[in-house]
Amino acid sequence: MAPRLDFSDLWGKDTRKGTPVVVTMENPNYSVVEIDGPDSAFRPVEKSRGKNAKQVTWVLLLKAHRAVGCVAWLATVLWALLGTIKKRLIFRQGVAMENFQGLLHMVYVAWLTLRADYIAPLIQALSKFCVALFLIQSADRMVLCLGCLWIKYKKIKPRIDGDPFKLEDVEGSGYEYPMVLVQIPMCNEREVYEQSISAVCQIDWPKDRLLIQVLDDSDDESIQCLIKAEVYNWSQQGINIVYRHRLVRTGYKAGNLKSAMSCDYVKNYEFVAIFDADFQPNPDFLKQTVPHFQGNPDLGLVQARWAFVNKDENLLTRLQNINLCFHFEVEQQVNGVFLNFFGFNGTAGVWRIKALEDSGGWLERTTVEDMDIAVRAHLNGWKFIFLNDVKVLCEVPESYEAYRKQQHRWHSGPMQLFRLCLPAVITSKISIWKKANMLLLFFLLRKLILPFYSFTLFCIILPLTMFVPEAELPVWVICYVPVFMSFLNILPAPKSFPFIVPYLLFENTMSVTKFNAMVSGLFQLGSSYEWIVTKKAGRASESDLLAAAERDSKTVNQPLIHRGASESELSELNRLKEQKESTPPAVKKINKIYRKELTLAFLLLTASVRSLLASQGVHFYFLLFQGVTFLLVGLDLIGEQMSQ
């Protein structure tokens, strides 16, 4: 128990010393009380001495002064304590901040070391490899352009000896015309079936020497009925045309063509011309192509050039026109003149049926059956001719979704074919030069290397170098050489020069789809076997519209005689006409979102900001415009929207 501090006894003791002093004043109005101690004022006062309130007041003032002093002292102590705590906290925060800053500095130094020692050398090595591939592919393109200029300068082109049709008006000259089979493979082609069948049926060739096969793989019964009605109409006009429909749609287009070639009557024909559903050949197509086979027993294929009725429809169709014009006028023409080999375009071509049979016919092993048969025919010694002056009208996709799926098939199929044909090419009897051309140029450089370096160099390495300045790409790689190569690509389509910059940016954007397709085809991923029919708009050329109007006027003025048609067939035909003329319901067009393109748009735009902060002019503009292009494509703002 704490000791009790009681000072009352001590104060109670008589401790007075010295002589007391008494002051007497005249006429005092107060009394003086002698106070021996602090408690003297509270001791009982003699009645004779009286009471004075001022005595009590002074004592209270003294006690209040002491209490205030204690409170002030406590406040000072508390303030000092709080100050000490605050200083301690500030000190600890400062130490923590210094520790955090030190940690950040250590991480930054470690990142700089890692970037300089490991990341930068890796990016530099990959970028040098891609730049080397870029230069090799650029050199190949320059050689092709020089070859095209030489062909134009020397006016080199396949020619027909004499005039094989000089006796076409003489009675009995039909024996000069070989038997030709025309095939029109299609699948759910509601928009274009009529114009393609109409154009083929108007080909100028003896009717008894021509057979048209409409190979319909449609799974929509309404479209089947419409195509049947169109075939029936032309058959009633004396055209030798048949309709074929497979119940089991295997092998896609290759399976369709293979099934048609298995008919017994095909053996009576010497040549077969193939047109996809949106192609509209001119009436003199066969007269411009078939005579090239005369006197050339080694000639297996005559390929015509494509022309596009909707090339000016939107920006996407204009950019496609640039690519395809270069493909036909430069690549196909140069390879046809100097090598007698190129990839069959799948349509607008005439094959010698014997060449197809000797090469194994149509195979269903890839999604590029046209390239497959061309490679096998070349390995068997057959030669090809490309006619740049013979053009067949067709369409290019007007929506990005349709174009994207088409390009995926066109770039995954060659990689499938490369894996399958590699042993056959190596063991074939063709010359080493032709083997090298097929493996190194035809497959590797133009089908594999091109999408690889385009995607890796311009979409991955370039934005990463903004964050790894040790591996920065030179200006000539990202500006001068690409612009020059785009200039070469656009030469065959001189009217498209205003679109050279959008063309360059869009080609880099499409490298994402092409690279993905190339990888899926090379490693046999699931999407490499995907076959989706390219969506058509059904746009006809001006000549087709005039011809259709002329036919309609003739139909109105002259009654159509249905030869050999029963009453039930006529009623069915009328029902199909009414169904065809009915207005289709309006479809809603939607914008799709492409996540890969949007992800790369974010990367490129972020890198452009970093480039701007680093004051890199050319890099900034390229990254900015390329990022905006990826953003527009990712939001499906280029071309027409898909119908829902």
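Identification of the chain as Putative xyloglucan glycosyltransferase 5 from Vitis vinifera is taken from an unreviewed UniProt entry. In the Sequence similarities (unreviewed entry) part of its UniProt record, the chain is described as follows: "Belongs to the glycosyltransferase 2 family. Plant cellulose synthase-like C subfamily." In UniProt, the chain has this text filed under Subcellular location (unreviewed entry): "Golgi apparatus membrane".

(A) Expanded view of the overall build of the chain. Counting its secondary structure elements, the chain contains 17 helices and nine strands. Relative to its full complement of 644 residues, the chain shows a buried share of 43%. Put simply, of all contacts in the chain between residues at least 6 apart along the chain, 82% involve residues at least 24 apart. Approximately 36,000 Å² of the chain is accessible, and the part contributed by carbon and sulfur atoms is 61%.

(B) Examining the packing of helix 11 (residues 432-465) against helix 16 (residues 595-613) more closely. Where helix 11 meets helix 16, the closest approach of the two axes is 8 Å, and the angle between their N-to-C directions is 50°. Classified by the angle between their axes, helix 11 and helix 16 sit oblique to one another. In the crossing of helix 11 with helix 16, the sense of the turn from one axis to the other is left-handed. Between helix 11 and helix 16, the residues in contact are Phe455, Phe458, Cys459, Ile460 and Pro463 and Leu600, Leu603, Leu604 and Ala607, respectively. Of the residues assigned to the contact of helix 11 with helix 16, the class counts are nine nonpolar, no polar and no charged.

(C) Highlighting the environment of asparagine 282. Tracing the chain through its elements places asparagine 282 in the loop between strand 4 (271-274) and helix 6 (285-289). Judged by relative accessible area, asparagine 282 falls into the partly exposed class, the value being 37%. In this structure the C-alpha to C-alpha distance between asparagine 282 and valine 392, which are 110 residues apart in sequence, comes to 6.8 Å. Not counting chain neighbours up to four residues away, the residues in contact with asparagine 282 comprise Ile203 and Lys391.

(D) Structural view of the packing of aromatic side chains. Throughout the structure, instances matching the rule amount to 26 aromatic pairs. Taking 6.4 Å as the distance between ring centres and 65° as the angle between the ring planes, the aromatic pair formed by phenylalanine 129 and phenylalanine 452 counts as edge-to-face. Of the two residues, phenylalanine 129 sits in helix 2 (residues 53-154) while phenylalanine 452 sits in helix 11, which places them 323 residues apart along the sequence. When its relative accessible area of 22% is taken as the criterion, phenylalanine 452 is described as partly exposed. When the centroid spacing of 5.1 Å and the interplanar angle of 80° are considered together, the rings of tyrosine 400 and tyrosine 594 count as edge-to-face. Here tyrosine 594 lies in the loop between strand 8 (589-590) and helix 16 and tyrosine 400 lies in helix 10 (residues 400-427), a separation of 194 residues in the sequence. Accessibility assignment for this pair places tyrosine 400 and tyrosine 594 in one class, buried.

(E) Region of the structure containing a nonpolar patch on the surface. Side chains of Leu78, Trp79, Leu81, Leu82, Ile85 and Leu89 sit close together on the surface and give an oily, nonpolar patch of about 650 Å² of accessible area. Examined against the element boundaries, tryptophan 79 turns out to sit in helix 2.

(F) Spatial organisation of the UniProt feature "transmembrane region" (unreviewed entry) in the chain. The UniProt record marks residues 64-82, 103-123, 129-151, 439-467 and 620-638 with the feature "transmembrane region" (unreviewed entry), using the residue numbering of this structure. Across residues 64-82, the secondary structure splits into 100% helix and 0% strand, with the terminal C-alpha atoms separated by 27 Å. Segment residues 439-467 splits into 93% helix and 0% strand. End C-alpha atoms: 38 Å apart.

(G) The arrangement of the sheet that holds strand 6 (residues 349-352) in detail. Reading across from one edge, 3-2-1-4-6-5-7 is the order of the seven strands in this open sheet, with mixed pairing throughout. At either margin of the open sheet sits one strand with a lone partner, and together these are strand 3 (241-245) and strand 7 (383-394). Averaged over neighbouring strand pairs, the angle between their axes works out to 20° when direction is ignored. Pairing of strand 5 (residues 299-308) with strand 7, which is carried by nine bridges, proceeds in the parallel orientation. Looking at strand 7, one finds that arginine 305 is bridged to lysine 391. The sheet contacts of helix 3 (residues 193-201) involve strand 1 (180-186), strand 2 (210-216) and strand 3, and relative to strand 1 the element is tilted by about 175°.

(H) Here's a closer look at the packing of helix 7 (residues 315-338) against helix 10. Here helix 7 crosses helix 10 at 25°, and the two axes come no closer than 11 Å. Considering their axes alone, helix 7 and helix 10 lie roughly parallel with respect to each other. The chirality of how helix 7 crosses helix 10 is left-handed. In contact with Leu316, Gln320 and Asn323 of helix 7, helix 10 contributes Tyr400, Tyr403 and Gln406. Across the contact of helix 7 with helix 10, the residue classes tally to three nonpolar, three polar and no charged.

(I) Representation of the pattern of salt bridges. Under the criterion given, the structure shown has 20 salt bridges. Across the pair aspartate 389 and lysine 157 runs a salt bridge whose closest N-O atoms are separated by 3.2 Å. Pair noted here: aspartate 389 is in strand 7 and lysine 157 is in the loop between helix 2 and strand 1, with a separation of 232 residues, a long-range link. A salt bridge links glutamate 401 to lysine 405, with the nearest nitrogen and oxygen atoms 3.1 Å apart.

(J) Structural view of the nonpolar core. If you look at the biggest cluster of nonpolar residues, it comprises 87 residues, and the most contacted ones within it are Ile197, Leu286, Trp351 and Val375. No other element matches the seven residues that strand 7 contributes to this core. Filtering out sequence-adjacent residues up to four positions away, leucine 286 remains in contact with Val180, Ile203, Trp205, Leu210, Ala273, Pro291 and Val350. Counting 42 residues, the second largest nonpolar core, distinct from the first, contains Ile123, Phe134, Leu457 and Phe630.

Here is what the cut-offs are and how they apply
- Residues numbered from 1 in each chain as written.
- Predicted model: local features only at pLDDT ≥ 70, side-chain atom pairs only at ≥ 80, totals over all residues.
- Heavy atoms only, no water.
- UniProt positions renumbered as here; feature names shortened; annotations may be inferred.
- Helix = DSSP H or I, 4+ residues; strand = E, 2+ residues; numbered from the N terminus.
- Buried < 20%, exposed > 50% of the residue type's maximum accessible area, 1.4 Å probe, protein only.
- Contact = heavy atoms within 4.5 Å.
- Areas by Shrake-Rupley, 256 points an atom, 1.4 Å probe, with all protein chains shown as cover.
- Axes fitted to C-alpha atoms, helices over the stretch in contact; angles between N-to-C directions.
- Parallel < 35°, antiparallel > 145°, perpendicular 65-115°, else oblique.
- Left-handed = near helix turned anticlockwise from the far one by under 90°.
- Nonpolar A, V, L, I, M, F, W, Y, C, P; charged D, E, K, R; others polar.
- Phe/Tyr/Trp six-rings, centres within 6.5 Å; stacked < 30°, edge-to-face > 60°.
- Patch = residues over 30% accessible without salt bridge, like charges linked within 9 Å, V, L, I, M, F, W, Y side chains within 5 Å.
- Salt bridge = Lys/Arg side-chain N within 4 Å of Asp/Glu carboxyl O.
- Pairing = 2+ DSSP bridges.
- Core = buried A, V, L, I, M, F, W, Y, C linked by side-chain atoms within 4.5 Å.

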